[in-house]
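Fold and contact review
Listed below are the residues making up each chain.
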Amino acid sequence: MKRGEPAIIKLSQRLQAVADLTSPWRRIADIGSDHAYLPIYLMAANKIDYAVAGEVIPGPFEIAQAHIKQAGYQQQIKARLADGLAAIQSADEIQCVVLAGMGGRLITEILNREPNIYQYLQGLVLEPNQDVPFVRQWVADHGWRITAERIVFDEGHCYQMMLVQPEPVQRPYSPVELLMGPLLLSATPRDPVFTKYWTFKLKQREQLIVQLNQAQQLPVAKLQQLKQEIALIKEGLAC
Ligand code: SAM
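My aim in this report is to walk through the structure given alongside it, one point at a time. Treat the numbers as computed from the prediction; the structure is a model and nothing was measured.

**Some details on the packing of aromatic side chains**
Any aromatic ring pair is given by two values, namely how distant the centres are and how the planes are angled relative to each other. Inspection of the entire model under this criterion finds 1 aromatic pair. Here the guanidinium or amino end of R14 rests over the ring plane of Y159, the centre of that ring lying 5.7 Å away. For the cation-ring pair, R105 lies above F134, with the distance from its terminal atom to the ring centre recorded as 3.9 Å.

Next comes the structure, spelled out in structure tokens:
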């Protein structure tokens, strides 16, 4: 580090995996940037030249602004109080948008409100903390393709993140690909975190079936759903 340059902040494993997926783009927008750690890290590590840190709630926006100022990056990182992709202006020439740490349905709602993004974006980095299969389906339905995927354990939670690019999928994702991730499934060797996570999820669902079978009134629909998920997880772990 040269004198006067801000120290590179240490990201959580989750946010580091998200940051790694933004390469090679040098102009990014982090939407839902309550602390602006991601753009500050990328700038300090000389991985980007310019960023927008968009945040919809005033309190977190002010925190992001303060962090950017502290790091001395007001010229290179623009904090904007805005709803979703409205934070981005055409002059920003953003190449890659990050939507991390939000529910999958919120992520897709934000994207659906700005259909023109297809025209200028080269990459989307998505890290939904819920409804990951729903997001994968959205990606395929909207002319994007998953081109990289990661799975990490961080502070007792498992997170899945993906890079998607504007290229149509060659064939629809299968149910097992939607659930477990097409590239995580086909990776050789398999990521040990993937195997550990889905083995845990399989056992969890099997135990739940035992418990539900003891109920006075059988929750038939729930049992059916669990059995389908178990079959998919077994298929994914075996292939
Ligand atoms: N992206 C960061 C991360 O991964 O660590 C922060 C995640 S934080 C849980 C989600 C942030 O997204 C919150 O600060 C929330 O206010 C913001 N957010 C939610 N909806 C938003 C929207 N429509 N536009 C911009 N920010 C939004």
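**A word on the nonpolar core**
Across soluble globular proteins, nonpolar side chains have a tendency to be buried as a group. Within the largest apolar cluster, 32 residues are counted, with the highest numbers of intra-cluster contacts made by V18, Y73 and I77. Mapped onto this core, the elements with two or more residues apiece are α1 (13-20), α2 (37-44), β2 (50-55), α3 (58-71), β4 (96-103), β6 (145-154) and β7 (157-165). If one sorts the elements of this core by residue count, α2 sits on top with 6 residues. Within the second largest apolar cluster, 31 residues are counted, among which are L124, V132, V135 and W138.

**Some remarks on α2**
Burial runs high along α2: 7 of the 8 residues are buried. When we look at burial in α2, the residues that qualify are L38, P39, I40, Y41, L42, M43 and A44. Elements in contact with the buried residues of α2: α1, β1 (27-31), β2, α3, β3 (77-81) and β4. With its phi angle positive at about 55°, N46 sits one or two positions after the end of α2.

**With respect to the pairing of β7**
Of all the 9 residues making up β7, 7 are buried; the element is thus mostly covered by neighbouring parts of the structure. Note that strand β5 (residues 123-130) and β7 share 3 bridges and pair antiparallel. Pairing of V125 across the sheet is with L163, part of β7. Between β6 and β7, which follow one another and run antiparallel, lie 2 residues, and E155 among them has a positive phi close to 50°.

**Some words on the packing of helix α4 (residues 104-112) against helix α5 (residues 132-141)**
Look at α4 against α5: their axes get within 8 Å of each other, and the N-to-C directions meet at 25°. Taken together, the axes of α4 and α5 are roughly parallel relative to one another. Of the residues in α5, those in contact with G104, R105, T108, L111 and N112 of α4 are F134, V135 and W138. Tallied by class, residues from the contact of α4 with α5 come to 4 nonpolar, 3 polar and 1 charged.

Reading the values: rules and limits
Residues numbered from 1 in each chain as written. Predicted model: local features only at pLDDT ≥ 70, side-chain atom pairs only at ≥ 80, totals over all residues. Heavy atoms only, no water. Phe/Tyr/Trp six-rings, centres within 6.5 Å; stacked < 30°, edge-to-face > 60°. Lys NZ or Arg CZ within 6 Å of the ring centre and 35° of its normal. Core = buried A, V, L, I, M, F, W, Y, C linked by side-chain atoms within 4.5 Å. Buried < 20%, exposed > 50% of the residue type's maximum accessible area, 1.4 Å probe, protein only. Helix = DSSP H or I, 4+ residues; strand = E, 2+ residues; numbered from the N terminus. Contact = heavy atoms within 4.5 Å. Pairing = 2+ DSSP bridges. Axes fitted to C-alpha atoms, helices over the stretch in contact; angles between N-to-C directions. Parallel < 35°, antiparallel > 145°, perpendicular 65-115°, else oblique. Nonpolar A, V, L, I, M, F, W, Y, C, P; charged D, E, K, R; others polar.

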